[in-house]
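An overview of the molecular structure
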Amino acid sequence: MRILVLSLFIFSFTFTQAQKIEVREVKVSDPQNVLVQEADTVRDLEFENTAIPFAVVEQVPLFGSCEKIEKNLQRECFQEEIKKHIEKHLKYPEEAKENKIEARVFVTFEIEKDGKISVERVKSNLRNEYGILFEAEAKRIINLLPNFIPATQRGKIVKVIYAIPINFKL
C-alpha cells in the first residue's frame, strides 16, 4: 500500500510539473532566418543584464596599471592589484585587535559596465558584534577601489561579478 501511494504521489507531481511546459507555434515566411535571429537574440540577452563571473569573462575588467600588460597575464595582474589594494587600505578594527579576534570575510561585488563597483554581499565567519566590525571594514576597503576599465564579452561591455575573501589576522 505504501509503495502504491508513493508511486501515485510521484506520478501526480511529475504530471503537474509537465503541464507547465509552454509550446508556441509561429508562422513565418523564412524559418531559417528567424531561427538564426532568435538564437542571436537569446545569446545576446544571456549576458546583457546579468553579471558574468570573473573566471569566465573573455576580457577581464582592468586596473589602469594592467591595461598595457599581455592579455594572458591580465587576470593575474587584476588579482595582484586587488591584493595590494586590500593590504594598503586595511585598518584592523581596534576593538577586535584589543581582544585578539581574527576573522575571514567574503566579499562579492560587481564591476558595472561603467567600471564602478557595487558591493553585493559581505559575510563574516563570525556571528557577533566583531563580525559586524569586520564586515564594515571589508565593505569600506572594496568601496575604495578605483573605477575599472570595463570587461567585455563577445565584444560588448558587460558587468562582472567577483568574490574575494579578506583575512583579518593578527
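Just above sits the structure.
Residues numbered from 1 in each chain as written. Predicted model: local features only at pLDDT ≥ 70, side-chain atom pairs only at ≥ 80, totals over all residues. Heavy atoms only, no water.

Side note on the sheet that holds strand β6 (residues 160–168)
Strand order across the open sheet formed by four strands is β1-β6-β2-β3, with mixed pairing between neighbours. What marks the edges here is a single partner per strand, and that holds for β1 (52–53) and β3 (117–124). In the sheet, strand β2 (residues 103–111) pairs with β6 via nine bridges, with the strands oriented antiparallel. Note that in β6 the partner of V105 across the bridge is I166. Helix α3 (residues 74–89) contacts β2 and β6 of the sheet and is inclined by roughly 40 degrees relative to β6. (Pairing = 2+ DSSP bridges. Helix = DSSP H or I, 4+ residues; strand = E, 2+ residues; numbered from the N terminus. Contact = heavy atoms within 4.5 Å. Axes fitted to C-alpha atoms, helices over the stretch in contact; angles between N-to-C directions.)

A look at the side chain of E110
Among the secondary structure elements, E110 is positioned in strand β2. With a relative accessible area of 11%, E110 lands in the buried category. (Buried < 20%, exposed > 50% of the residue type's maximum accessible area, 1.4 Å probe, protein only.)

Structural notes on the nonpolar core
When a protein is soluble and globular, its nonpolar side chains tend to lie buried together. In terms of nonpolar packing, the biggest core is built from 35 residues, with F78, I82, V107, F109, F134, L145 and F148 touching the most fellow members. When contributions to this core are tallied by element, the ones reaching two or more residues are α3, β2, β3, α5 (129–143) and β6. (Core = buried A, V, L, I, M, F, W, Y, C linked by side-chain atoms within 4.5 Å.)

Considerations on the packing of aromatic side chains
Using the criterion set out here, one finds ten aromatic pairs in the structure. Between F63 and F78 the ring centres are 5.6 Å apart and the planes differ by 55 degrees, which places this aromatic pair in the tilted class. Highlighted residues: F63 in the loop between β1 and α3 and F78 in helix α3, separated in sequence by 15 residues. The pair F63 / F78 is uniform in exposure class, with both members buried. Each member of the aromatic cluster is reached from another via a ring pair, and the members are F54, F63, F78, F109, F148 and Y162. (Phe/Tyr/Trp six-rings, centres within 6.5 Å; stacked < 30°, edge-to-face > 60°.)

Some words on α3
Here α3 spans 22 Å end to end across 16 residues, near enough to the 22 Å set by a 1.5 Å rise per residue. Among the residues of α3, those classed as buried are Q74, C77, F78, E81, I82, H85 and I86. Contacts from the buried residues of α3 go to β2, α5 and β6. (Expected span 1.5 Å × (residues − 1).)

Quick look at the environment of V56
Among the secondary structure elements, V56 is positioned in the loop between β1 and α3. Residue classification places V56 among the exposed positions, given a relative accessible area of 54%. Taking C-alpha positions, V56 is 9.4 Å from Q153, a pair spaced 97 residues apart along the chain. The residues contacting V56, other than those within four sequence positions of it, are R75 and Q153.

What about the pairing of β6?
Residue alternation in β6 divides its side chains into a buried set, V160, Y162, I164, I166 and F168, and an unburied set, I161, A163, P165 and N167. Here β1 pairs with β6 via two bridges, running parallel. What sits directly across from P53, in β6, is I161.

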